[in-house]
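Topology and contacts: notes
Letter by letter, the chains look like this.
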Amino acid sequence: MLQHAAGQPASCHSAPPAAPWQVLAVAEGPAGLARTAQALHGLHFLGRRLQLHATTSAAEARQLLRAVPDMAVALIDLALDTPQAGLALVDHIREVMGQRGLRIVLRTGPRCGLPARRALAEHDVNACLEAETERRDEEALPLAVLGALRAHGEVQALHAAIHALQQRAITDPLTGLYNASHLTPTLERMLSSAQRRDEPVSVVFLDVDDFKLINDEHGHLRGDEVLRQVGLALLNNSRLEDCCFRYGGDEFVVVLPNCSLAQVQQRYLPRLLQAFDQLGLSVSHGACETGPGSYLAGQLLLRQADERMYERKRQHRRRHADGVPDRSGA
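Analysis parameters
Residues numbered from 1 in each chain as written. Predicted model: local features only at pLDDT ≥ 70, side-chain atom pairs only at ≥ 80, totals over all residues. Heavy atoms only, no water. Salt bridge = Lys/Arg side-chain N within 4 Å of Asp/Glu carboxyl O. Buried < 20%, exposed > 50% of the residue type's maximum accessible area, 1.4 Å probe, protein only. Pairing = 2+ DSSP bridges. Helix = DSSP H or I, 4+ residues; strand = E, 2+ residues; numbered from the N terminus. Contact = heavy atoms within 4.5 Å. Axes fitted to C-alpha atoms, helices over the stretch in contact; angles between N-to-C directions.

To continue, consider the pattern of salt bridges. A complete count under the given rule lists twelve salt bridges for this structure. Here Glu-95 makes a salt bridge to Arg-100, at a shortest N to O gap of 3.3 Å. Given the relative accessible area of 56%, Glu-95 is considered exposed. Relative accessible area serves as the criterion here: at 42%, Arg-100 is assigned to the partly exposed category. With a shortest N-O distance of 2.7 Å, Arg-239 and Asp-242 are connected by a salt bridge. Residue class for Arg-239 comes out partly exposed when judged on its relative accessible area of 30%. Connected via shared salt-bridge partners are Arg-94, Glu-95, Arg-100 and Asp-124.

All right, on to the sheet that holds strand S7 (residues 178-179) then. As summarised here, the arrangement of the five strands in space is S7-S9-S10-S8-S11, forming an open sheet in which the pairing is mixed. Here the strands that pair on one side only, and so sit at the sheet edges, are S7 and strand S11 (283-290). In this structure, strand S8 (residues 201-208) lies alongside strand S10 (residues 251-257), joined through seven bridges in antiparallel fashion. Residue pairing across strands places Val-203 opposite Val-255, the latter belonging to S10.

The subject of this paragraph is the sheet that holds strand S6 (residues 127-130). One open sheet accounts for six strands, arranged S2-S3-S1-S4-S5-S6; its pairing is mixed. Across the chains shown, the open sheet's two edge strands, defined by having one partner strand only, are strand S2 (44-45) and S6. Note that strand S1 (residues 21-26) and strand S4 (residues 71-77) share five bridges and pair parallel. Directly across from Val-26, in S4, lies its bridge partner Ile-76. Strand contacts of helix H1 (residues 30-40): S1, strand S3 (48-55), S4 and strand S5 (103-108), with the helix running at about 180 degrees to S3, the strand carrying the most contacts. Seen against the sheet, helix H2 (residues 58-67) touches S1, S3 and S4 and runs at an angle of roughly 145 degrees to S3.

Next up, the structure:
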């Protein structure tokens, strides 16, 4: 719905106004910018007003797009300093700046020499508006902008939905950690980055001791709660750059970039094992490093950490069988 100006005085208890829609206008001259501002004056969409950024320069338009990352719509005259300079700006926005979500309305006129159909077919514009149409219908430009804003909102919602699906595909729903399918590509990426910087990478494998006993004696709900607690302890005691994974069942993996095995043993593991101890949990672990200098393949690094973890697991079971208190994390 087209809404022009207006509004009621804001109450002192009302919510802060919604952020305005950011709209770029690139016109052939000051007169074109003035007509644009007049046509869009007071326009609102979904309760949000428009904030117009106006220029007659393609170079300045590029600067404005870099400075205002949430620009929703661009109104671009096809004829700027040359009859089709607007198309060069469109191509730069799409191909060089990579702004695919921006909705572009191309405004054409008699000086352009390019039919609207051809502009739509050959260039990544979302709509064309002829100058003659604007002169005949004062609502043509506001309607074009409203349509572009609606399309922008739909594109943003689609991108958000795709991102949510991508996150769901790599996230373990129980613990909120990354899942096993995301481990290999993440580890390979970290190893590649470490080799460029000549930095170490460490991997820690962890397994909750006697987890089957927890499930058998206390039920699977308690077992799920234990796994959630382990996941939270990992997140709370790891750095932002570390990546934590639920590898499967009661097994977990942490990849620590730019972290040596000595740092893992002296700083990371004592802090982590203390957190597990406070939860009343015993967790077997194995750690391995690679680099700098020479680097193991990701799968070999994981296998070595896994083997070291299972050696601790066997030690835990022998102590448990002999009735000796577990001190494997000390």
